[in-house]
Amino acid sequence: MNDRRADGLLVVCTANVCRSPLAQRTLQHALAGSPLGDVVVSSAGTRALEGEAMCPVSAEDLDPGDTAYATEHRARQLTGVLVREADLILTMEREQRSAAVQAAPGSQAKVFTLREVEALLGVLADRAGEPPADLPALAKALHSVRGLAPLVPTEPVKKHWWSRPVEPEDPMTIVDGHGRSREEHTAAADQVRATADRVGAAIVALTTRTSA
């Protein structure tokens, strides 16, 4: 009998109603059937209102068969226990990455932003070696190449010669769509879905490759 607990992947955003539950479900689909298929993917928020329902804009980005998931999701607050129990933590923003580490000092080696981990997976894909056997091994491999895939910010946008340029987005962050226009909110959800899809596919490719 195998009593080993399933590995845990924790996704974090601010309220745990928009970005993180969407990324959670996307990664659950992506990792199903892979060598990491027994991973438990969950989510939490750094400033969550416990019990809040999933954002309808984000829910619209789920697969058609995920209606029950969207209906049943309830927000929960990030805690030190959740951070310590997880084997890999992916956040939407740099500030949330810091919040996770502050909640459980010593956990920084397994905490990354979603965009950061996408870039680091690209570095690992170009390197020879044994594929990570489980989530703790993947987190260790990601941490070993941290900083080797610099993320370049986009150029500031300047609409007119007399207007001040808009500050470029933090390349480590997927912005929160709440408080923005419906179009911007939808675009943010689309970014989460697309990035989580790519991260999931890259994890599967890395863990299923033959060692060189």
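Cut-offs and rules
Residues numbered from 1 in each chain as written. Predicted model: local features only at pLDDT ≥ 70, side-chain atom pairs only at ≥ 80, totals over all residues. Heavy atoms only, no water. Helix = DSSP H or I, 4+ residues; strand = E, 2+ residues; numbered from the N terminus. Areas by Shrake-Rupley, 256 points an atom, 1.4 Å probe, with all protein chains shown as cover. Core = buried A, V, L, I, M, F, W, Y, C linked by side-chain atoms within 4.5 Å. Buried < 20%, exposed > 50% of the residue type's maximum accessible area, 1.4 Å probe, protein only. Contact = heavy atoms within 4.5 Å. Axes fitted to C-alpha atoms, helices over the stretch in contact; angles between N-to-C directions. Parallel < 35°, antiparallel > 145°, perpendicular 65-115°, else oblique. Left-handed = near helix turned anticlockwise from the far one by under 90°. Nonpolar A, V, L, I, M, F, W, Y, C, P; charged D, E, K, R; others polar. Disulfide = S-S within 2.5 Å. pLDDT = per-residue confidence, 0-100.

1. Focus: the overall build of the chain
Here is step 1 of the chain: The helix and strand inventory of the chain stands at 8 helices and 4 strands.
Here is step 2 of the chain: N-terminal to C-terminal, the α/β element order of the chain is β-α-β-α-α-α-β-α-β-α-α-α.
Here is step 3 of the chain: As displayed, the chain has an accessible area near 11000 Å², and 54% of this comes from carbon and sulfur atoms.

2. Digging into the nonpolar core
Here is step 1 of the chain: Counting residues in each nonpolar core, the largest one holds 38 residues, and the members touching the most others are Leu9, Leu88, Leu90 and Leu142.
Here is step 2 of the chain: The set of elements that each furnish at least two residues to this core consists of β1 (8-13), α1 (19-31), α3 (67-72), β3 (88-91), α6 (114-125), α7 (135-144) and α8 (182-208).
Here is step 3 of the chain: Residues in contact with Leu9, not counting those within four places in the same chain, are Leu27, Leu31, Val39, Val40, Val41, Ser42, Leu88, Leu90 and Leu135.
Here is step 4 of the chain: One finds Leu78, Ala86, Ala100 and Val101 within the second-largest nonpolar core, a separate group that totals 12 residues.

3. So, the packing of α6 against α8
Here is step 1 of the chain: In the contact formed by α6 and α8, the axes pass within 10 Å of each other and the chain directions differ by 30 degrees. Accordingly, the angle class assigned to the pair α6 and α8 is roughly parallel. Helix-helix and strand crossings are classified by hand; for α6 and α8 the assignment is left-handed. When α6 is examined against α8, the residues Leu114, Arg115, Val117, Glu118, Leu121, Leu124 and Ala125 are found in contact with a partner set consisting of Gln191, Val192, Thr195, Ala196, Arg198, Val199, Ala202, Ile203 and Leu206.
Here is step 2 of the chain: Tallied by class, residues from the contact of α6 with α8 come to 11 nonpolar, 2 polar and 3 charged.

4. A short note on the state of the cysteines
Here is step 1 of the chain: This model, assessed by the stated rule, comprises 0 disulfides.
Here is step 2 of the chain: For Cys18, which is in no disulfide, the shortest distance to another cysteine sulfur is to Cys55 and amounts to 4.0 Å.

5. Here we look at the side chain of Thr173
Here is step 1 of the chain: Mapped onto the fold, Thr173 is located in the loop between α7 and α8.
Here is step 2 of the chain: If we skip the residues at most four places from it in the chain, Thr173 touches Met92, Glu93, Arg94 and Arg115.

6. Quick look at the confidence of the model for the chain
Here is step 1 of the chain: Confidence along the chain averages 89 in pLDDT terms, with 87% of residues attaining 70 or more.
Here is step 2 of the chain: For the stretch residues 163-167, pLDDT sits under 50, and the model shows 7 contacts to residues farther than four places along the chain or on other chains.

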